[in-house]
Amino acid sequence: MKNRKLVMIPGPTPVVRSIQDQMGRETVAFGDPNFIKDFKGLIDDLKTLWKTEGEVFVVAGTGTMAMEMGIANTLKSGDNLLIVSNGFFGDRFIDLAERKGINVDVISSEWGKIVPVKDIEAKLNEKKYNAITVTHVDTSTGVCAPIKEIGEMLKKFPEVIYIVDGVCATAAEPEYIDEMNIDILLTGSQKAFGVAPGLAVVWASPKAMERRKSLGRIPEYYIDFDKWLPIMNDPSKYFATPAVNMIWALKESVRIIKEEGIENRYERHRKNARAMQSALEAMGFTILADKECRAVTLSNAIYPEGIDDVEFRKILAEEGAVVAGGLAAYAGKMFRLGHMGNIDTHDMVSAIAAIERTLYKIDKKTKLGVGVTTLLKELMD
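Predicted model, so just to flag it, every value in this text is computed and none were measured. (Residues numbered from 1 in each chain as written. Predicted model: local features only at pLDDT ≥ 70, side-chain atom pairs only at ≥ 80, totals over all residues. Heavy atoms only, no water.)

Q: Explain the UniProt feature "domain: Aminotransferase class V" (unreviewed entry) in the chain residue by residue, including any values.
A: Here the UniProt feature "domain: Aminotransferase class V" (unreviewed entry) sits at residues 55-330. Annotated as 37% helix and 20% strand, the span residues 55-330 places its first and last C-alpha atoms 38 Å apart. (UniProt positions renumbered as here; feature names shortened; annotations may be inferred. Helix = DSSP H or I, 4+ residues; strand = E, 2+ residues; numbered from the N terminus.)

Here it is, written out as structure tokens:
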């Protein structure tokens, strides 16, 4: 009998039954009064939970589209953008911005470390920047950027638009838009929200909306804030067909978040991450990210000497857990283990046990039980 496979990659994440049920509902017309009410309720909840007086856009698309939406509505050709990159996905902003004719400067960290806030401030003092991008959690490195501290520092640069890529952080790492001085926060439905891929979510502060207004007509059509704002204010209006069932699914995810309490959700992710990371270290893996900047949504585990990546992940899949490979210089040297959204204790214990069984199959000298014991001790304390 084959093991049921746990999807433990850094997104898409497992989708619980109540969210699946919403995706499986009979689709209604986008003008259906009950759907309009549900859509408006979702928009209101997203503003309230992420604490903003600004706007939120829920649009059919991906996290990458949300990145482009954030750039397109705040910057024009010839503007200066500072990209703060902690890894592969921070660098994605480079191509995206350069295609629009934006002047790009990049300040990067060594993989596994953050760019210090003082270094960002020094760079901002060198010339006038129109915006800055920061990836809150970069899945290539498992590093969590200090977005609150960066936002506080940016109060010295009130003209700079602060764009935060929250794709692998939102709904797991604290992100309070107005309190943290964030102007654009963007994410996708498939990570810590625990919904299937298909929705882009972009919050925009009043300052960001003023910037959009100052740009006039922009080249982009589908991702233009001005096209979507009337719909977000009144979902009975039409611009492009909303993803009806996906919006229901995200609404159910938000209901789960409200029921748990968003601060409790943040604490659960923190505790689960530290337990998973301790278990991996107990089994001989090294976590790429420095301890003080480790994300709570995933762990990037560097193999002990002698472990072949392809063999390890093949056997691990047979044992019932699917993880992602390393990227760039770390391809073949590590795997990436997601633990976000609605993943529960059963999932985590099963994943760690599958990793232990895999190590044992590769080397019979492996001591079984160390990882699971460590995990449970951390979770039960």
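Q: Quick rundown of empty space enclosed by the protein? Include the residues and the values.
A: Counted under the stated rule, the structure contains two cavities of 30 Å³ or more. There is about 50 Å³ of room inside the largest cavity. Around the largest cavity sit Phe39, Val58, Val59, Ala60, Leu199, Tyr222, Trp228, Thr241, Pro242, Ala243 and Ile247, which together line it. Examining the composition of the lining of the largest cavity, we find that three residues originate from one element, strand β2 (residues 55-60), more than from any other. Class assignment of the residues belonging to the lining of the largest cavity gives a composition of 10 nonpolar, one polar and no charged. Taken as a whole, the second largest cavity encloses approximately 40 Å³ of empty space. If you go around the second largest cavity, the residues you meet are Phe30, Phe39, Ile231, Pro235, Lys237, Tyr238, Ala240 and Pro242. Of the residues assigned to the lining of the second largest cavity, the class counts are seven nonpolar, no polar and one charged. (1 Å grid on protein atoms, 1.4 Å probe; cavity = no way out; pocket = protein on both sides within 12 Å on 5 of 7 lines; lining within 4 Å. Points joined across faces, edges and corners; volume = space filled by probe spheres on them. Nonpolar A, V, L, I, M, F, W, Y, C, P; charged D, E, K, R; others polar.)

Q: Could you give an account of the nonpolar core, naming the residues involved and the relevant values?
A: Residues Leu46, Trp50, Phe57 and Phe193 are the most contacted members of the largest nonpolar core, which totals 98 residues. Here this core takes nine residues from helix α9 (residues 244-260), the largest share from any one element. Apart from the residues lying within four places of it in its own chain, the contact partners of Trp50 are Thr170, Ala171, Glu175, Tyr176, Ile177, Leu185, Phe193, Trp203, Ile257, Ile262 and Tyr266. (Core = buried A, V, L, I, M, F, W, Y, C linked by side-chain atoms within 4.5 Å. Buried < 20%, exposed > 50% of the residue type's maximum accessible area, 1.4 Å probe, protein only. Contact = heavy atoms within 4.5 Å.)

Q: Go over the pattern of salt bridges, please, and point to the residues and values.
A: Tallied over the entire structure, the rule returns 27 salt bridges. Across the pair Lys51 and Glu179 runs a salt bridge, and its minimum N-O distance is 3.5 Å. One end of the pair, Lys51, is in the loop between α2 (33-49) and β2; the other, Glu179, is in the loop between β8 (161-165) and β9 (184-188), with 128 residues separating them in the sequence. For Lys51, a relative accessible area of 38% corresponds to the partly exposed category. The exposed category is assigned to Glu179, whose relative accessible area is 52%. The shortest N-O distance in the salt bridge between Lys113 and Asp290 comes to 3.0 Å. With Lys113 in the loop between β4 (103-108) and α5 (117-124) and Asp290 in the loop between β11 (286-287) and β12 (298-302), this residue pair connects regions lying 177 residues apart in the sequence. On the basis of relative accessibility, which here comes to 23%, the residue Asp290 falls in the partly exposed class. (Salt bridge = Lys/Arg side-chain N within 4 Å of Asp/Glu carboxyl O.)

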